[in-house]
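A structural walkthrough
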Protein chains: 2
Amino acid sequence: MTPAEPAAALSKEKPPTPRERARTQTIADIVRIGREHLALHGAAALSLRAVARDLGVVSSAVYRYVENRDELLTLLLIDGYNELGDEVDAAVDAMPAHDFTGQFKALAHAVRTWAIREPASYALLFGSPVPGYQAPGERTTVPGTRVIVRLVGVFDAAYRAGALDAQVTSAVVIPPALAEDLAAIRTQMNLAVPDASMARGVLVWTSVFGAVSFEVFGQYGRDTFAARDELFEHQLGVLQGVVGLQG
Amino acid sequence: MTPAEPAAALSKEKPPTPRERARTQTIADIVRIGREHLALHGAAALSLRAVARDLGVVSSAVYRYVENRDELLTLLLIDGYNELGDEVDAAVDAMPAHDFTGQFKALAHAVRTWAIREPASYALLFGSPVPGYQAPGERTTVPGTRVIVRLVGVFDAAYRAGALDAQVTSAVVIPPALAEDLAAIRTQMNLAVPDASMARGVLVWTSVFGAVSFEVFGQYGRDTFAARDELFEHQLGVLQGVVGLQG
DNA sequence: AACAAACGAGAGCAGTGCTCTTGACTTTCG
DNA sequence: CGAAAGTCAAGAGCACTGCTCTCGTTTGTT
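With that out of the way, let us pick up the overall build of chain A. Across its full length, chain A carries 11 helices and 0 strands. Taken along its principal axes, the extent of the C-alpha atoms in chain A is 60 × 55 × 35 Å. Per-residue burial for chain A yields a buried fraction of 38% across its 247 residues. For chain A, restricting intrachain contacts to residue pairs at least 6 apart in sequence, the fraction spanning at least 24 positions comes to 71%.

As structure tokens, this is what we get:
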């Protein structure tokens, strides 16, 4: 079909046959409908039969495209991680390269905004594990770590630029066992930021997700906190100080 | 039956008939078996039929005691809240009355220990909501707020005793809308602690649960952090500084 | 003793995940 | 070109779920 046939013959990427194209499209449709059902009814209520109905096909047919229910959950998991990762990347990239505080807050706001917009996906990614389902690490680890990788990237860049207050880093001692873990991460990710700042970065990470989880999962109660935007913004302000970012 | 029949007629508390006793016992058995199933298979996989089997009874019989599956979930929810609340209370009470930092850390450790021991219950209480299930606020609010009530109690007592560093409280401004929410809570709970400390207390609360959730829900990855005890302890040390508790 | 409430068992309905077989269609290759 | 190989949708079927209803039996009260 393509004029450069000999070159294509060497590469693994053959031009997709109509059948392959149709198959890819069908899988994409299944994921799309699955996302709708996920948003409407939640992860545990996700039903392959219902997806098949919406697809206009009998239930057994979808098993041609998706191995089982867990496989669909994995596809939705990766889809969610990447959507969140894309929005976080876009939000951070929109900030000036040297405004590390702005980048941190933009990242946190992107997480919160996405979580509130897609609570079911957020629950699938960061909530209680679905019983009997174990995410395949080899497929989910990379997209699943995009946010934290980006966050420590911001902290590391801030440290290298001298924008990370070194004063806070000596307040609490780091036990040796924890220092080992941090050293391994530093080596693996090529970081410069010292132990104390890394540890505080981890705390900031968990705190952001704790705050978002409380809000999305309804732990704040019905109307205990009406000013949730202000509460989150305030928490970011405090966390910014925790990790030593100037305001 | 009872000799003091006229008095008993006025009071609502009659001595329980054998049938009532048996009924109460059966419900307790159902909750006990339900807890076992919850721990083994998770909340979404909780099955009334399986509970009935373990109870040695046909499935429709349990509907005599429990209205439906959601009712059983509510019972397990209240059960979990109270067990956690009891352990938190015991841990805090075991500390000296003026060691507020120790009380805070004891509370956090009690939460973490219980969560790791009962991950399914923790997921039911603080994880993603079960699809289609809405907890009845009138039955779950009181037990569900025991931990946070106790935590702000510690902070408030520390403030009244002058053990809360007032310096940290002015670093970040509190927007008016948030101050309103905080004022309402202060009035309702009869607190003395100022806005900034309350807001930081809320952050500490969400941060503790964020850290515990990450650990219980497996967000830390398989072996990124081996020294989890040390990590949590370090985080508590930082959070202690965030809220202004002396070390 | 008579009656009403409570109870356990069983059948049954509609839904689920998943497997297997059947028949039709498409692509590829001799 | 035609046959073989591969792919697909459909349907039946199994075991499970939540839940309802009916039917006798047991229990407690009058």
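Here the narrative resumes.
It is worth spelling out helix 5 (residues 69-93) of chain B at this point. Residue and element names in this part refer to chain B. Here helix 5 spans 36 Å end to end across 25 residues, near enough to the 36 Å set by a 1.5 Å rise per residue. Among the residues making up helix 5, those that are buried are Leu72, Leu76, Leu77, Gly80, Tyr81, Leu84, Gly85, Val88, Ala91 and Val92. Packing partners of the buried residues in helix 5 comprise helix 2 (18-41), helix 3 (48-55), helix 6 (100-117), helix 7 (119-126), helix 8 (137-144) and helix 9 (146-160).

Residue and element names in this part refer to chain A. The phi dihedral of asparagine 190 falls on the positive side, at around 60°, and the residue is not glycine. Here asparagine 190 lies in the loop between helix 9 (176-189) and helix 10 (195-216). We classify asparagine 190 as exposed; it has 7 C-beta atoms within 10 Å.

Right, let's get into the relation of the copies chain A and chain B. Overlaying chain A with chain B gives an RMSD of 0.1 Å, the required rotation being 180° about an axis along which the chain moves by 0.0 Å. The symmetry that links the two subunits is that of a two-fold axis. Interface overlap between copies is the fraction of interface residues in one copy that are interface residues in the other; for chain A against chain B it reaches 100%, indicating a shared surface.

For the rest of this paragraph, the subject is the interface of chain A and chain B. How big an interface is tends to be stated in terms of the accessible area lost upon association of its parts. Contact with chain A, which involves 46 residues of that partner, is made by 46 residues of chain B. Looking at the side of chain A that touches chain B, the elements that each hand over two or more residues are helix 6 (119-126), helix 9, helix 10 and helix 11 (228-243) of chain A. The element best represented in the side of chain A that touches chain B is helix 10 of chain A, accounting for 10 residues. Looking at the side of chain A that touches chain B, its residues break down into 26 nonpolar, 16 polar and 4 charged.

What follows is about the domain arrangement of chain A. All names here are of chain A. The domains assigned to chain A are domain 1 (1-66) and domain 2 (77-243). Every contact between the two is made by 7 residues of domain 1 and, on the other side, 7 residues of domain 2. Of the residues contributing to the side of domain 1 that touches domain 2, the split by class is 5 nonpolar, 1 polar and 1 charged.

Turning next to the packing of helix 5 of chain B against helix 7 of chain B. Residue and element names in this part refer to chain B. Where helix 5 contacts helix 7, the two axes come as close as 10 Å, and the packing angle between them is 105°. Comparing their axes, helix 7 and helix 5 come out roughly perpendicular. For the pair helix 5 and helix 7, contact is made by Leu76, Leu77, Gly80 and Tyr81 and by Ser121, Leu124 and Leu125, respectively. Looking at the contact of helix 5 with helix 7 residue by residue, the class counts come to 5 nonpolar, 2 polar and no charged.

Bringing helix 8 (residues 146-160) of chain A into the picture now. Residues and elements named next belong to chain A. In this model helix 8 runs 21 Å from its N-terminal to its C-terminal C-alpha over 15 residues, within 8% of the 21 Å that 1.5 Å per residue would give. Among all positions of helix 8, only Val147, Leu151, Val152, Val154, Phe155, Asp156, Ala158 and Tyr159 are buried. On the buried face of helix 8, the contacting elements are helix 4 (69-93), helix 5 (100-117), helix 9, helix 10 and helix 11. Glycine 162 lies just past helix 8 and shows a positive phi near 75°.

Turning next to the protein's contact with DNA strand D. Lining the immediate surroundings of DNA strand D are 21 residues, of which Ser60 of chain A together with Ser47, Ser60, Asn68 and Arg69 of chain B lie closest. Residue assignment for the surface near DNA strand D shows that the elements contributing at least two residues are helix 2 (18-41) of chain A together with helix 2, helix 3, helix 4 (59-62) and helix 5 of chain B. Each residue belonging to the surface near DNA strand D can be placed in one class, and the counts come to 7 nonpolar, 7 polar and 7 charged.

Around DNA strand C, the structure places 20 residues, and the nearest of them are Ser47, Arg49, Asn68 and Arg69 of chain A together with Ser60 of chain B. Counting residues per element, the surface near DNA strand C draws most heavily on helix 3 (residues 48-55) of chain A, at 3 residues. The residue makeup of the surface near DNA strand C, split by class, is 7 nonpolar, 6 polar and 7 charged.

Let's shift gears to the confidence of the model for chain A. Residues and elements named next belong to chain A. Across chain A, pLDDT averages 89, with 91% of residues at or above 70. The least confident element of chain A is helix 1 (residues 5-10), whose mean pLDDT is 38; the most confident is helix 5, at 98. Confidence drops under a pLDDT of 50 for residues 1-13, and excluding neighbours within four residues, the segment shows 5 contacts in the predicted structure.

Cut-offs used in this document
- Residues numbered from 1 in each chain as written.
- Chains lettered and ligands numbered in written order.
- Predicted model: local features only at pLDDT ≥ 70, side-chain atom pairs only at ≥ 80, totals over all residues.
- Helix = DSSP H or I, 4+ residues; strand = E, 2+ residues; numbered from the N terminus.
- Buried ≥ 20, exposed ≤ 12 C-beta atoms within 10 Å, placed from the backbone.
- Contact = placed C-beta atoms within 7 Å.
- Expected span 1.5 Å × (residues − 1).
- Least-squares fit on C-alpha atoms with pLDDT ≥ 70 in both.
- Nonpolar A, V, L, I, M, F, W, Y, C, P; charged D, E, K, R; others polar.
- Domains from an automatic or database assignment.
- Axes fitted to C-alpha atoms, helices over the stretch in contact; angles between N-to-C directions.
- Parallel < 35°, antiparallel > 145°, perpendicular 65-115°, else oblique.
- Near = placed C-beta within 6 Å.
- pLDDT = per-residue confidence, 0-100.

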